[in-house]
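Understanding the architecture of this molecule
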Protein chains: 2
Amino acid sequence: MTRQEIEALIDSRTVAYIASVDGEGFPNLKAMLAPRVREGLRTFYFTTNTHSMRVEQYRRDPKAAIYFCDEDGFRGVMLRGEMETLTDARSRELIWREGDTEYYPLGVTDPDYCVLRFTARDGRTYAGYDSENFVIA
Amino acid sequence: MTRQEIEALIDSRTVAYIASVDGEGFPNLKAMLAPRVREGLRTFYFTTNTHSMRVEQYRRDPKAAIYFCDEDGFRGVMLRGEMETLTDARSRELIWREGDTEYYPLGVTDPDYCVLRFTARDGRTYAGYDSENFVIA
């Protein structure tokens, strides 16, 4: 897959899958709403709840992977890197959207509103039965 | 989610997401074809390639998670457990299907045909913004 195809696949998804390692050494994974902000293939911002299990896991071990999948086209992209949990004003404001008060009634400063910032170091594409590693420039 | 709802969600999916931990301690995840055989919520059998990266990772560290997601319904089920890589005749025959010679030209004894058997210990359901742990009976 070309870089352009990888970015198009990512942007076409409404859901991202994110993985962490828990305190007992097991991988965990779940679906998330697609990232709100993406900077190339390097940085991705997601919203989450400050008191979620994922935040607790990433605070203990920031190693992470995110995955975007076109199930019908048998294509996927995994990015491997580190996840930070951010609650500073700048990060909160960067990805805040108007309707978010539905989930965070106190607004952009709601203590349960938290930003996940993923920074990729490398990746792997899956297309049919082929897979290929790539480095993030 | 009830046990019945969890099983219905799993059986409705054509794709499963599986996670492992790699040699550098990073979680990895990818989409797989849905399990060929499921025994309750305890045991799941998948096909894979003997020389795949996933097999190598599970042989080093069998800790695993599998995840089924109904993206449109905002519901998901994660199961946490251990993954075995099996190449014995009984396991191979259990999940072999006629058309598989397309991928494994040498048939059920093809050295590149491998069975992944996942055994769950516990799980977590996600429905909307709620999540709940459960134990496998």
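Residues numbered from 1 in each chain as written. Chains lettered and ligands numbered in written order. Predicted model: local features only at pLDDT ≥ 70, side-chain atom pairs only at ≥ 80, totals over all residues.

Our focus in this paragraph is the overall build of chain A. Each helix and strand counted, chain A has three helices and eight strands in total. Taken from N to C terminus, the helices and strands of chain A fall in the order α-β-β-β-β-α-β-β-α-β-β. Here the C-alpha radius of gyration of chain A, 15 Å, is about what a compact globule of 137 residues would show, namely 14 Å. Oriented by its inertia axes, the alpha-carbon framework of chain A measures out at about 45 × 35 × 30 Å. Within chain A, the fraction of its 137 residues that count as buried is 30%. (Helix = DSSP H or I, 4+ residues; strand = E, 2+ residues; numbered from the N terminus. Rg over C-alpha atoms; globule rule 2.2 N^0.38 Å. Buried ≥ 20, exposed ≤ 12 C-beta atoms within 10 Å, placed from the backbone.)

Here the focus is the relation of the copies chain A and chain B. Aligned on chain B, chain A shows an RMSD of 0.0 Å; the corresponding rotation is 180° and the shift along the axis is 0.0 Å. The operation mapping one copy onto its partner corresponds to a two-fold rotation axis. No C-alpha of chain A lies nearer the rotation axis than that of Pro27(A), which sits 2.9 Å from it. Of the residues that chain A buries at the interface, 100% are likewise interface residues in chain B, meaning the two copies contact each other through the same surface. (Least-squares fit on C-alpha atoms with pLDDT ≥ 70 in both. Contact = placed C-beta atoms within 7 Å.)

A few words now on the interface of chain A and chain B. Facing 23 residues of chain A, the contacting portion of chain B comprises 23 residues. Of all the elements in the fold, those that place two or more residues in the side of chain A that touches chain B are strand E1 (15-21), strand E2 (27-33), strand E5 (63-70) and strand E6 (75-86) of chain A. Each residue belonging to the side of chain A that touches chain B can be placed in one class, and the counts come to 14 nonpolar, five polar and four charged. (Nonpolar A, V, L, I, M, F, W, Y, C, P; charged D, E, K, R; others polar.)

Further remarks concern unusual backbone geometry. The phi angle of most residues is negative, glycine excepted, and most peptide bonds adopt the trans form. Residue and element names in this part refer to chain A. In the Ramachandran plot, Phe74 falls in the positive-phi region, its phi being about 50° despite a non-glycine side chain. With respect to the helices and strands, the residue Phe74 is situated in the loop between E5 and E6. On the neighbour-count criterion, Phe74 (14 C-beta atoms within 10 Å) is partly exposed.

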